[in-house]
Amino acid sequence: MTRDPTIPFEATIRWIKKETRDTATYAMKITDRRLARSYRFQPGQFNMLSIPGIGEAPISISSAPEEDEILHTIRVAGDVTTHLARLRPGDAVGMRGPFGNSWPLDEVEDRDLLIVAGGLGIAPLRSVIRHILSLERHRKTGSVSAGKRFILYGAKTPKDILFRDEFPRYRRAFQVHLTVDKADPEESWKGDVGLIPTLMRHVSFNPLKSIVFLCGPEVMMQVFAKDLTARGVPPEKIFLAMERNMNCGVGLCGHCLFGPLFVCKDGPIFRLSRIADFWGVREL
Ligand SMILES: Cc1cc2nc3c(=O)[nH]c(=O)nc-3n(C[C@H](O)[C@H](O)[C@H](O)COP(=O)(O)OP(=O)(O)OC[C@H]3O[C@@H](n4cnc5c(N)ncnc54)[C@H](O)[C@@H]3O)c2cc1C
């Protein structure tokens, strides 16, 4: 019997890791064992998490599909996320999903891969990073790409950098470059200071044979997408994850309409060439 995607199931919080002052990672396990065994997702997809009587919010999955627990990295923004932040290990939440499409790993081939994140945008990208690391470790299908691999990540200050303790592991498969908008006087920051495009000076890649996965604040993605196309990266090979308010997650309520597309079911990941005509137009 197929499950009704509009009806939440229960997931239990296993552990919580505080990442920054307003963001934490929640490891969850679907309570029903049969459902837990059949639940599958791809990097880039999201779940709708709910608190009874409060509401529901779309949250990306920040773990890889191979992992035992489903991780969500959540920043306190409003009602649902404030209540989620009050929960403790052992507490239950409502979950629906997985929803949306995924990062197109099948298009990486022998291209240079640039994974570019701003702020919390690293959450859905962490899923694909950890998945690539896992594929490499097990060499299931050989190397994911024969090209070069980069992670470019920017945060407001060094204290806002997410998953900092994981970067040494990422460096086994990627060249990692970090930047902050503002260096923190209390920390001896040795990385770059400036917006993410400034990191491009560290990166030597073949624009025509590259593919880019991009997630972050919309204005940052617009600036960066423009920079990439000016460098000659084909718009069909630039993929961006969009964020819009949504209620149903399955293309029924229309809240997340983005031009002619639904962020929930046509996205959240879009090829730049598919959205370029209407992206950035007011009210879309
Ligand atoms: C596909 C997708 C993936 C996402 N992944 C993540 C993720 O991995 N982690 C994460 O933390 N977030 C993620 N988000 C964002 C998250 O879903 C939103 O921040 C969501 O709105 C949080 O729900 P909330 O009830 O806590 O906040 P809301 O109550 O919806 O508030 C969100 C923002 O709107 C403002 N606001 C609320 N009500 C009003 C009002 N009446 N007037 C003006 N402003 C108002 C709040 O101040 C706040 O800034 C994702 C969103 C999408 C679409």
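Residues numbered from 1 in each chain as written. Predicted model: local features only at pLDDT ≥ 70, side-chain atom pairs only at ≥ 80, totals over all residues. Heavy atoms only, no water.

J.: Provide a residue-level description of the site of the ligand, including the pertinent values.
T.: As a matter of local geometry, the ligand sits amid 18 residues, with P58, T73, R75, V80 and T81 nearest to it. D79 places a main-chain nitrogen or oxygen 3.3 Å from an oxygen atom of the ligand. Within the contact set of the ligand, an oxygen atom lies 2.4 Å away from a side-chain nitrogen or oxygen of T81. Within the complex, 59% of the 970 Å² of free accessible area of the ligand lies under protein. (Near = heavy atom within 4 Å. Polar contact = N/O pair within 3.5 Å; in protein donor to acceptor, adjacent residues only side chain to side chain. Areas by Shrake-Rupley, 256 points an atom, 1.4 Å probe, with all protein chains shown as cover.)

J.: Hey, could you go over the pairing of strand β9 (residues 175–180) for me, with residue numbers and the actual values?
T.: The element β9 is largely enclosed, with a buried count of five among its six residues. Both strand β8 (residues 149–155) and β9 contribute to a ladder of six bridges, which runs parallel. Within β9, the residue paired with Y153 across the bridge is L178. As defined by bridge partners, β9 adjoins strand β10 (residues 192–193) across two bridges and the pair is classed as parallel. Counterpart to T179 in the pairing with β10 is D192. (Buried < 20%, exposed > 50% of the residue type's maximum accessible area, 1.4 Å probe, protein only. Helix = DSSP H or I, 4+ residues; strand = E, 2+ residues; numbered from the N terminus. Pairing = 2+ DSSP bridges.)

J.: Could you give me a rundown of the sheet that holds strand β2 (residues 23–30), with the residues and numbers involved?
T.: Strand order across the open sheet formed by six strands is β4-β3-β6-β1-β2-β5, with antiparallel pairing between neighbours. For this open sheet the edge positions go to β4 (55–60) and β5 (70–75), each flanked by a neighbour on one side alone. Mean inter-strand twist for the sheet, computed between neighbouring axes without regard to direction, equals 40°. Inspection of the sheet shows strand β3 (residues 46–51) paired to β4 by six bridges, in the antiparallel sense. Bridge assignment links I51 to a residue of β4, and that residue is G55. (Axes fitted to C-alpha atoms, helices over the stretch in contact; angles between N-to-C directions.)

J.: Explain the environment of A183 to me, using residue names and the numbers behind them.
T.: The residue A183 is located in the loop between β9 and β10 in this model. For the pair A183 and K159, spaced 24 residues apart in sequence, the C-alpha to C-alpha distance is 9.3 Å. Once residues lying within four places of it in the same chain are set aside, the contact partners of A183 are P158, W189 and V193. (Contact = heavy atoms within 4.5 Å.)

J.: Tell me about the sheet that holds β8, and name the residues and values.
T.: Taken together, the seven strands give an open sheet; going across it, the order is β10-β9-β8-β7-β11-β12-β15, and neighbouring strands pair in mixed fashion. Strands with a single pairing partner mark the edges of an open sheet, and in this sheet they are β10 and β15 (269–271). Sheet contacts for helix α3 (residues 122–138): β7 (112–118), β8 and β11 (210–215); angle to β7, the most-contacted strand, approximately 145°.

J.: Quick rundown of the packing of aromatic side chains? Include the residues and the values.
T.: Counting across every chain of the model gives nine aromatic pairs. Aromatic side chains Y39 and F41 sit 6.2 Å apart centroid to centroid with 50° between the ring planes, which places their arrangement in the tilted category. Using a relative accessible area of 7% as the deciding quantity, one classes F41 as buried. Each member of the aromatic cluster is reached from another via a ring pair, and the members are F9, Y39 and F41. Here the guanidinium or amino end of R126 rests over the ring plane of F163, the centre of that ring lying 4.0 Å away. (Phe/Tyr/Trp six-rings, centres within 6.5 Å; stacked < 30°, edge-to-face > 60°. Lys NZ or Arg CZ within 6 Å of the ring centre and 35° of its normal.)

J.: Could you give me a rundown of the pairing of β7, with the residues and numbers involved?
T.: Summarising burial for β7: seven of the seven residues are buried, a large majority. Burial along β7 is two-sided: D112, L114, V116 and G118 facing one way and L113, I115 and A117 facing the other are all buried. Inspection of the sheet shows β7 paired to β11 by six bridges, in the parallel sense. Bridging from a neighbouring strand, D112 pairs with S210 of β11. As paired strands, β7 and β8 are joined by six bridges and run parallel to one another. If you follow L114 over to β8, its bridge partner there is F150.

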